[in-house]
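This is what each chain is made of:
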Amino acid sequence: MMQNKLSFHQSSVSLEIIGLPDYSNNENKDQISIISQWKLTIVDKPLIEGKIEHLGPIMDAFYIYSNLLIKNEIPIYESKLIDIKADNLHIHNIVLKSSKANVKPLVLKIGNSLLSDTINCFDQLNESPKVRIKKTDIPTNIPKKLRFGLNKKVKFFNFFIPPFIAICSLILFSSSFIYFYSPFENIEKKELINPE
């Protein structure tokens, strides 16, 4: 039996869901209700894949963590499966722990834009009419205002920081130029007043 494959993309991140429709519920053949596998690909990072029982908790972890970031609370999320904490304002440490014995945890460092792209892929999956995910106890439906808050913060920083740095550099350069320039002007004035 051919499995269905659905992909969700956002810039540098893609999420692939593989599975079957639930024919006992007379579902469309393109539907996925029985997820057999999922793969999360983040550019320049190792492939993240796992069982269906891992997908919900990982999505929850990302949602809860980003919610803490947006609310300016201490961004730390820890569980048996995944830990996420901020290295600084721009770098987030993700530790994915394997359920298999003797497998080292996978450690990733991602920036704000990759975090935002990952959450966007999870949003697309949650909103897709073609995939049914069993919801966990933790609400993944973060209000859109909060959901896009992180994206707006990232866009705000990416948009305003470079010109801000350029203006500061210009002011600094100009003020140092004026500082070095003015002594010569004074020497010329003195020479005019006291011609030898």
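Residues numbered from 1 in each chain as written. Predicted model: local features only at pLDDT ≥ 70, side-chain atom pairs only at ≥ 80, totals over all residues. Heavy atoms only, no water.

(A) Seen up close, the overall build of the protein. The secondary structure content of the protein amounts to three helices and eight strands. When each of the 196 residues of the protein is scored for burial, the buried share is 37%. Of all intrachain contacts in the protein linking residues separated by at least 6 positions in sequence, the fraction that spans at least 24 positions is 45%. When the accessible area of the protein is evaluated, it comes to approximately 13300 Å², of which 61% is carbon and sulfur surface. (Helix = DSSP H or I, 4+ residues; strand = E, 2+ residues; numbered from the N terminus. Buried < 20%, exposed > 50% of the residue type's maximum accessible area, 1.4 Å probe, protein only. Contact = heavy atoms within 4.5 Å. Areas by Shrake-Rupley, 256 points an atom, 1.4 Å probe, with all protein chains shown as cover.)

(B) Up close: the sheet that holds strand 1 (residues 4–10). On the basis of which strands lie adjacent, the open sheet formed by four strands has the order 1-2-3-4 and antiparallel pairing. A single partner strand is all that each edge strand has here, and the edge strands are strand 1 and strand 4 (48–50). Mean inter-strand twist for the sheet, computed between neighbouring axes without regard to direction, equals 15 degrees. For strand 3 (residues 34–42) and strand 4, the ladder comprises three bridges, and the chain directions are antiparallel. Across the sheet, residue W38 finds its bridge partner in strand 4, namely G50. Docked against the sheet, helix 1 (residues 52–70) engages strand 2 (13–20), strand 3 and strand 4, running at close to 50 degrees with respect to strand 3. (Pairing = 2+ DSSP bridges. Axes fitted to C-alpha atoms, helices over the stretch in contact; angles between N-to-C directions.)

(C) Representation of the packing of aromatic side chains within the structure. Per the counting criterion, the structure on display carries one aromatic pair. Ring plane angle 70 degrees and centroid distance 5.5 Å describe the contact between F62 and F122, whose orientation is recorded as edge-to-face. On the criterion of sequence distance, the pair formed by F62 in helix 1 and F122 in helix 2 (residues 112–127) is long-range, its members being 60 residues apart. F122 shares its class with F62; the two are buried. (Phe/Tyr/Trp six-rings, centres within 6.5 Å; stacked < 30°, edge-to-face > 60°.)

(D) The arrangement of the nonpolar core in detail. In this structure, L15, I17, F62, I82, L125 and V131 are the most contacted members of the largest nonpolar core, which totals 35 residues. Those elements that place two or more of their residues in this core are strand 1, strand 2, strand 3, helix 1, strand 6 (82–86), strand 7 (91–96), strand 8 (106–111) and helix 2. Looking at this core element by element, the count peaks at eight residues for helix 1. Not counting the four nearest positions on each side in its chain, I17 is found in contact with N4, K5, L6, F8, I32, I35, Q37, W38, L55, L125 and V131. (Core = buried A, V, L, I, M, F, W, Y, C linked by side-chain atoms within 4.5 Å.)

(E) Just the packing of helix 1 against helix 2, in detail. Between helix 1 and helix 2, the shortest axis-to-axis distance is 11 Å and the interhelical angle comes to 125 degrees. With respect to their mutual orientation, helix 1 and helix 2 come out oblique. Here helix 1 runs over helix 2; the crossing is left-handed. Here L55, I58, M59, F62, Y63, Y65, S66 and L69 of helix 1 lie close against helix 2, whose contacting residues are L115, T118, I119, F122, D123, L125 and N126. For the contact of helix 1 with helix 2, a count of residues per class yields eleven nonpolar, three polar and one charged. (Parallel < 35°, antiparallel > 145°, perpendicular 65-115°, else oblique. Left-handed = near helix turned anticlockwise from the far one by under 90°. Nonpolar A, V, L, I, M, F, W, Y, C, P; charged D, E, K, R; others polar.)

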